[in-house]
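Descriptive analysis of the structure
Listed below are the residues making up each chain.
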There are 2 protein chains.
Amino acid sequence: MAEVYVAGVGMTKFGKSSQTLTELFCEAAQRALESSSVDVEALYVGVMNPEEFTGDSNIASQITDALGLTGLPALRVETASSAGAAALHAAFHAVASGYYRNVLVLGGEKMTHLSTSATTRILAEVIDREERRCGATMPALAAMITERYRKRYRLSRSRLERILCRVAIKNHRNGAANPYAQFQNPISEKAYFSSKLVATPLRLYDCSPITDGAAAVVLTAERTDVLVSGIGHGTGPLSLRERDTFTSFRATQIAAARAYRMAGISPREIDFAEVHDAFTPFEIITSEDLGFFPAGKGWRAVEDGTTAPDGALPINPSGGLKSRGHPVGASGVAQVVEAVWRLRGASEPKPKREPRRALAQSTGGLGSNNFVTILERAGAPRPGQGAAPVPAPAVSHAPQSKKDATPPPPSDEGKIETFTVLYVTPDGFLPPLALALVRDRRGALLMAQGEDVGHLRIGREVFLRQVEGVYYFTVKSHLKKVREGLKRLLRGLPSLRRKGRQGQGRKKTV
Amino acid sequence: MAEVYVAGVGMTKFGKSSQTLTELFCEAAQRALESSSVDVEALYVGVMNPEEFTGDSNIASQITDALGLTGLPALRVETASSAGAAALHAAFHAVASGYYRNVLVLGGEKMTHLSTSATTRILAEVIDREERRCGATMPALAAMITERYRKRYRLSRSRLERILCRVAIKNHRNGAANPYAQFQNPISEKAYFSSKLVATPLRLYDCSPITDGAAAVVLTAERTDVLVSGIGHGTGPLSLRERDTFTSFRATQIAAARAYRMAGISPREIDFAEVHDAFTPFEIITSEDLGFFPAGKGWRAVEDGTTAPDGALPINPSGGLKSRGHPVGASGVAQVVEAVWRLRGASEPKPKREPRRALAQSTGGLGSNNFVTILERAGAPRPGQGAAPVPAPAVSHAPQSKKDATPPPPSDEGKIETFTVLYVTPDGFLPPLALALVRDRRGALLMAQGEDVGHLRIGREVFLRQVEGVYYFTVKSHLKKVREGLKRLLRGLPSLRRKGRQGQGRKKTV
């Protein structure tokens with residue numbers, strides 16, 4: 001396989017833009033082309049859903065025309081919110097094969113012109129259809145993953161909140177030093193805790209914003225100062241209900257193992273990382289999936305400052321998706337742009353030691369289609385033979401027959417595996433909306449809507465009923481309380497009646 | 001570059017299906033996997049617009065889960081109606097680079113559940129926005145290209161109609177022998193000429209149908225009986241108004257030159273071809289762009305039977321898009337499936353001599369993003385050094401500054417470059433609708449709506465006016481006739497008046 005280098009990079013300022021999607025792509029492309037001295041032979045465009053966001057179809061041809069590069073091969077690649085990284089990897093293969101010597105990779109999206117509810121709806125289309133039917137959104141599922149992580153690693157609610165707040169504060173502070181970031185101001189602890197709840201325990205400041213922007217990278221077979229030394233890609237179940245774990249992303253673990261093996265390094269050799277913090281807890285979980293910290297210990301690295309810009313392993317020194325912004329198709333390319341700038345020493349805040357190796361990690365959907373890219377300064381000393389291989393989860397390469405087409409009849413009882421209360425609901429659902437992932441008596445996982453937002457706890461027993469294909473749950477202890485209340489009321493009734501009879505002789509007053 | 005072979009192929013029956021898009025993909029995938037003895041490492045999915053056709057987002061992850069292959073890298077590739085071919089080429093690069101040894105390529109689309117008007121609207125999104133605003137659809141632009149071809153190569157209207165009819169009859173007869181084809185019956189000349197006009201001169205039987213279906217190919221680095229010996233990809237302007245020719249597709253010429261060079265052959269070495277006959281005239285134009293026949297001579301090959309299944313160079317022996325059907329994202333992969341079957345001798349109708357080399361050509365949008373794939377039976381004798389290189393149109397590899405942002409004021413006169421009368425119009429437009437590509441006095445091309453459907457001819461002078469961003473044309477000769485009619489009327493008026501005065505004494509009748 002031929003070695004693949006980065007010839008040039010560029011991006012637009014991220015944020016709310018008055019430019020069209022094609023104009024954003026062109027601005028990023030022209031910057032990357034100007035910063036490299038090569039003529040490109042093909043275009044790879046990563047974009048998630050221009051059809052619905054901006055009504056643009058045949059986007060690869062549109063951009064090629066707009067750039068005045070008509071004639072060159074151009075294609076669009078899509079894997080939900082990791083589309084930019086997917087385009088980069090497809091372009092990598094084309095250069096590594098020797099078919100092209102120089103290619104232009106673009107990632108971009110335009111989202112801010114739509115209402116938040118329209119954007120949320122389009123973004124939610126990438127999650128499982130049945131989970132969506134219950135009212136689940138991206139933040140809802142992220143929140144359920146967070147609650148499960150908290151429970152599994154025995155963090156108190158207040159401690160978890162303080163950890164997430166630290167991630168948000170760190171990334172906003174980093175973004176404030178990045179002129180391309182959407183948010184240019186640090187945030188305070190007070191601001192974090194006064195920001196509105198989106199889906200318990202996630203607040204507005206735990207979620208990446210809605211953003212316009214584009215980023216570009218020119219890949220080349222010619223030797224430059226930055227080598228793409230490892231790439232890896234993996235998938236995980238689209239649906240939460242099909243997962244064997246909620247506290248890590250298998251897709252990231254698979255992608256990381258492959259990328260480390262290709263680069264011939266272990267996670268210890270990475271000097272900084274740009275990871276997909278669409279939600280603050282995902283930065284922590286991903287830092288574990290990438291092998292930087294053991295499972296369940298990533299939060300400590302936030303508490304002790306390891307992932308701060310002056311720490312031993314800076315994470316998201318650019319501000320991450322949280323503060324740089326998240327034009328979905330752009331983020332996977334923007335991470336690589338930021339990493340290249342930092343490897344070249346051109347970014348603030350400055351790290352303690354000169355970085356030699358960077359890792360970029362991009363997540364598609366709710367962790368269903370993830371990518372890892374390792375970049376290194378050309379000529380960086382290779383690690384010794386001691387680089388411990390990173391184990392990857394087992395993956396089947398032969399199609400598995402799916403479970404029975406006719407599952408056993410659904411059970412009407414189960415246990416909460418994780419839950420959230422949604423305060424920002426999709427159209428057609430009133431807040432607050434309780435959602436729980438329930439394991440029923442058959443052992444199957446179901447997404448269910450709660451009839452009450454209180455009394456929720458992992459492990460609680462619930463009653464289930466299905467109405468028109470949607471499951472509803474009622475917490476048993478809650479039901480017991482309601483029943484006892486009713487009993488008390490009933491016990492009181494005869495005396496009331498008696499009182500009523502006693503009063504029959506009284507005069508009626510008007 | 002490592003050699004890339006075909007390990008297995010499979011497809012669903014094309015037509016109207018009750019299966020979901022994912023089920024169609026799975027059926028095709030399972031057939032391809034069963035027919036190959038390898039375990040695949042990654043999935044490449046070609047599909048044009050599942051977001052709007054079926055409401056499916058994050059489709060690569062969906063299919064991976066449905067196949068029980070969760071964990072494997074999976075991505076979606078899109079280039080409008082050539083998406084399947086685009087996925088195949090991206091997968092080719094991945095195997096040629098040595099990164100993967102075996103990959104699964106899928107192409108598919110589900111369209112028949114929508115109304116014809118909804119489907120037409122989604123398909124029309126791939127053409128230029130301004131041309132669409134005038135009421136242009138895919139058949140409208142294809143018709144305008146056809147009219148220009150007729151005029152340029154001096155074919156009478158009736159001769160052109162007979163030629164297109166022969167393409168339709170040939171492809172329907174071929175499809176009748178193909179159990180996977182949507183249409184299983186030959187059509188008669190009478191049926192062709194009694195089918196309704198869609199956009200002059202194209203009739204319903206000149207247009208590929210609306211179809212559901214999926215196709216799959218397993219590519220491998222292991223030697224098999226079929227080698228992918230050449231691939232090429234090119235783009236052309238999205239908009240007709242930006243083209244330097246209407247009678248050929250630059251994107252195909254670029255793709256073909258690259259594929260022939262890679263395979264080390266000339267068009268003479270191709271034994272049969274599957275080409276993108278979304279419209280019957282495109283089969284003829286494409287056969288010229290591929291270098292099979294000189295420009296303007298492709299129609300002769302139809303007339304003299306050269307492209308019939310028993311001719312010297314069978315084209316679309318499978319029935320082509322015309323008769324096999326055209327589930328847009330599927331067609332680019334289906335062509336390769338058909339070509340592999342035929343190279344292996346497993347298809348009807350049987351050719352005169354055993355084929356050794358096949359070519360598949362796929363068109364994205366209105367010829368804006370096209371692919372050529374050359375397949376050969378492993379061990380086929382290489383041609384001598386005499387293989388003449390195929391010239392490719394010049395392509396700029398450095399961005400061209402676009403024309404002035406502020407063009408000169410539009411002229412109010414021009415000449416018709418080509419035209420059509422649309423009898424099947426998009427929503428909001430009443431048939432018949434005249435559309436013309438007009439070159440105005442500045443030399444710029446404009447798409448304009450006609451105020452009358454008569455008096456249309458290439459080269460005719462027209463008046464132009466612009467109302468709310470849409471151009472309208474009136475044929476000058478037509479205007480002259482109207483003016484003369486008015487003059488005649490005016491000349492007649494005094495005598496009428498006189499007559500009227502003379503009659504003043506008459507009684508009024510009620």
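Since the model is a prediction, treat every value here as computed from it, not as a measurement.

Rules used throughout
- Residues numbered from 1 in each chain as written.
- Chains lettered and ligands numbered in written order.
- Predicted model: local features only at pLDDT ≥ 70, side-chain atom pairs only at ≥ 80, totals over all residues.
- Helix = DSSP H or I, 4+ residues; strand = E, 2+ residues; numbered from the N terminus.
- Rg over C-alpha atoms; globule rule 2.2 N^0.38 Å.
- Buried ≥ 20, exposed ≤ 12 C-beta atoms within 10 Å, placed from the backbone.
- Contact = placed C-beta atoms within 7 Å.
- Nonpolar A, V, L, I, M, F, W, Y, C, P; charged D, E, K, R; others polar.
- Pairing = 2+ DSSP bridges.
- Expected span 1.5 Å × (residues − 1).
- Bend = angle between axes of the 7 residues up to and from the residue.
- Axes fitted to C-alpha atoms, helices over the stretch in contact; angles between N-to-C directions.
- Parallel < 35°, antiparallel > 145°, perpendicular 65-115°, else oblique.
- Left-handed = near helix turned anticlockwise from the far one by under 90°.
- Least-squares fit on C-alpha atoms with pLDDT ≥ 70 in both.

Focus: the overall build of chain A
Assigned secondary structure in chain A consists of 15 helices and 16 strands. For a compact globule of 510 residues, the expected C-alpha radius of gyration is about 24 Å, and chain A comes in at 26 Å, within 12% of that figure. For the C-alpha atoms alone, the extent of chain A along its principal axes is close to 105 × 50 × 50 Å. Every one of the 510 residues in chain A was classed for burial, and the buried ones make up 56%. A separation threshold of at least 6 residues defines the contact pool for chain A, and within that pool the share at least 24 residues apart is 75%.

A word on the interface of chain A and chain B
In this complex, chain A contributes 62 residues to the contact, which on the side of chain B involves 62 residues. Of all elements in the fold, only helix H1 (21-34), helix H2 (50-53), helix H3 (59-66), strand S3 (74-78), helix H4 (83-96), strand S8 (226-235) and helix H10 (250-263) of chain A reach the threshold of two or more residues within the side of chain A that touches chain B. Across the side of chain A that touches chain B, the residue classes tally to 25 nonpolar, 26 polar and 11 charged. Note that S3 of chain A and strand S3 (residues 74-78) of chain B share three bridges and pair antiparallel. Paired with glutamate 78 of chain A across the strands is arginine 76 of chain B, a residue of S3 of chain B.

Quick word on helix H14 (residues 328-343) of chain A
Residues and elements named next belong to chain A. With 16 residues, H14 extends 24 Å from end C-alpha to end C-alpha; this agrees with the ideal 22 Å at 1.5 Å per step. The largest bend along H14 measures about 25° and falls at alanine 334. Most of H14 sits inside the fold, with 15 of its 16 residues counted as buried. Among the residues trailing H14, glycine 345 stands out with phi positive, at a value near 75°.

Some remarks on the packing of helix H7 (residues 138-152) of chain B against helix H11 (residues 280-289) of chain B
All names here are of chain B. It is the contact of H7 with H11, at a shortest axis distance of 10 Å, that shows an interaxial angle of 55°. Looking at the two axes, H7 sits oblique to H11. The crossing of H7 and H11 is left-handed. Contact with H7, carried on its side by Ala142, Ile145, Thr146 and Tyr149, involves Pro281, Phe282 and Ile285 of H11 and no other residues of that element. Of the residues contributing to the contact of H7 with H11, the split by class is six nonpolar, one polar and no charged.

Quick look at the relation of the copies chain A and chain B
Relative to chain B, chain A is turned by 180° and slid 0.0 Å along the rotation axis, the superposed coordinates differing by an RMSD of 0.1 Å. On the angle and the small slide along the axis, the relation comes out as a two-fold axis. Within chain A, serine 97 of chain A has its C-alpha nearest the rotation axis, a separation of 1.8 Å. In this assembly the copies share their binding face: 100% of the residues contributing to the interface of chain A also contribute to that of chain B.

Describing the packing of helix H8 (residues 157-176) of chain A against helix H11 (residues 280-289) of chain A
Residues and elements named next belong to chain A. Look at H8 against H11: their axes get within 8 Å of each other, and the N-to-C directions meet at 95°. Regarding the angle of H8 to H11, the classification is roughly perpendicular. On H11, the residues that touch Leu164, Val167 and Ala168 of H8 are Thr280, Pro281, Glu283 and Ile284. Per-class residue counts for the contact of H8 with H11 are five nonpolar, one polar and one charged.

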